[in-house]
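Below are the chains, spelled out letter by letter.
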Amino acid sequence: MHSAAANKQRVAVVVAHELAHQWFGNFVTMEWWTHMWLNEGFATWVSYLAADQFFPEWNVWTQFLEESTIGFKLDALAGSHPIETASLPNIQEESSSSGQKHGFSCQKSPLAVLITKTVYKRN
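Residue positions are given per chain, counting from 1 as you read along its sequence in written order. Predicted model: local features are reported for residues with pLDDT of at least 70 only, side-chain atom pairs are reported and counted for 80 or more only, and whole-chain, interface and lining totals are derived from all residues. Side-chain measures here rest on the full set of heavy atoms in the structure, leaving out hydrogens and waters.

K.L.:
Sorry, what's going on with the side chain of His21 here?
P.N.:
You can see His21 is positioned in helix α1 (residues 4-27). In terms of polar contacts, His21 uses its side chain to reach the side chain of Asn39, at 2.7 Å. Under the DSSP-based scheme used, a helix requires at least four consecutive residues in state H or I and a strand at least two consecutive residues in state E, with every element numbered from the N terminus. Whenever two N or O atoms come within 3.5 Å, that pair is a polar contact, provided that in protein one can donate a hydrogen and the other can accept it, and provided that, for residues adjacent in sequence, both atoms are side-chain atoms.

K.L.:
Help me understand the packing of α1 against helix α2 (residues 36-54) in this model?
P.N.:
Geometrically, a packed helix pair is captured by the angle between its two axes and the distance between the axes. Only the contacting stretch of a helix is used when fitting its axis, a line to C-alpha atoms as for every element, and angles between N-to-C directions run 0 to 180 degrees. One way to put it is that α1 packs onto α2 with a least axis distance of 8 Å and a crossing angle of 130°. With respect to each other, α1 and α2 are oriented oblique. Considering only the axes of α1 and α2, their crossing is right-handed. Two secondary-structure elements touch here, α1 through Val13, Ala16, His17, Ala20, His21, Trp23 and Phe24 and α2 through Asn39, Glu40, Phe42, Ala43, Thr44, Val46, Ser47, Tyr48, Ala50 and Ala51. We call Asp, Glu, Lys and Arg charged. Ala, Val, Leu, Ile, Met, Phe, Trp, Tyr, Cys and Pro are nonpolar, and the rest, Gly among them, are polar. Across the contact of α1 with α2, the residue classes break down as 11 nonpolar, 5 polar and 1 charged. An angle below 35 degrees is treated as roughly parallel, one above 145 as roughly antiparallel, one from 65 to 115 as roughly perpendicular, and anything else as oblique. Throughout, a crossing is termed right-handed when the near helix is turned clockwise from the far one, and left-handed when it is turned anticlockwise from it by less than a right angle. By the convention used here, residues are in contact when the closest approach between their heavy atoms is within 4.5 Å.

K.L.:
Mind showing me how you'd approach the packing of aromatic side chains here?
P.N.:
Where two aromatic rings form a pair, the distance of their centres and the angle of their planes describe that pair. Any Phe, Tyr or Trp ring, taking Trp's six-membered ring, that has another such ring centre within 6.5 Å forms a pair; planes under 30 degrees apart are called stacked, those over 60 apart edge-to-face, and the others tilted. Counting across every chain of the model gives 5 aromatic pairs. Arranged with centres 5.3 Å apart and planes meeting at 65°, the rings of Tyr48 and Phe64 form a pair that is edge-to-face. Taken as a pair, Tyr48 in helix α2 and Phe64 in helix α3 (residues 60-74) lie far apart in primary sequence, 16 residues in all. Both residues of the pair, Tyr48 and Phe64, count as buried. Relative to Trp58, the ring of Phe55 has its centre 4.0 Å away and its plane inclined at 15°; by these criteria the two rings are stacked. Burial classes follow relative accessibility: with a 1.4 Å probe on protein chains only, a residue under 20% of its type's maximum area counts as buried, one over 50% as exposed, and anything between as partly exposed.

K.L.:
I keep staring at the nonpolar core and nothing clicks. Help me out?
P.N.:
When a protein is soluble and globular, its nonpolar side chains tend to lie buried together. By nonpolar core we mean a set of buried residues, namely Ala, Val, Leu, Ile, Met, Phe, Trp, Tyr and Cys, connected to one another through side-chain atoms within 4.5 Å. Core analysis: the largest hydrophobic core is formed by 12 residues, namely Val13, Ala20, Phe24, Phe42, Ala43, Trp45, Val46, Tyr48, Ala51, Trp58, Val60 and Phe64. Among the secondary structure elements, those contributing two or more residues to this core are α1, α2 and α3. Among the elements that line this core, the one with the most residues is α2, at 6 residues.

K.L.:
What am I meant to see in the environment of Val13 here?
P.N.:
Tracing the sequence through the fold places Val13 in helix α1. Overall, Val13 belongs to the buried group, its relative accessible area being 5%. Residues within four places of Val13 in sequence aside, it is in contact with Ser47, Tyr48 and Ala51.

K.L.:
Hey, could you run me through a nonpolar patch on the surface in this one?
P.N.:
Two joining distances apply to patches: 9 Å for like charges and 5 Å for nonpolar side chains (Val, Leu, Ile, Met, Phe, Trp, Tyr), and every residue must have over 30% relative accessible area and no salt bridge. With residues, only the protein chains shown are counted as cover, and all accessible areas are computed by Shrake-Rupley using a 1.4 Å probe. Put simply, a salt bridge is a Lys or Arg side-chain nitrogen that is within 4 Å of an Asp or Glu carboxyl oxygen. On the surface, Val11, Val15 and Leu19 cluster together to form a nonpolar patch covering roughly 270 Å² of accessible area. In this structure, Leu19 sits in helix α1. Assessed through its relative accessible area of 52%, Leu19 is described here as exposed.

Right, here's the structure in full:
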């Protein structure tokens, strides 16, 4: 779907995602790259939360679930790994592998944040 409405929604979610990074980053800094999943998961979750707050008619939570469950489908692959893995010894190697290695974790993490929020809210 490449409509003007879809583009507006995508821009709103991306801008909210980056604002969440700025806000969250002022309070919490990752100890190391192994914790990137929390940073990305929180920013993704907040981006949909903000989009839903400003544009409830978009029903973004349906899209959130569709996109977030991709990470759980990737868990079925042979190359799957835990959401947090041991760090690589070289920072250059770590950052260059982010598309492959951290992609899985970053796709799983927004739903993990939502599940955690739900569990803590009940207790």
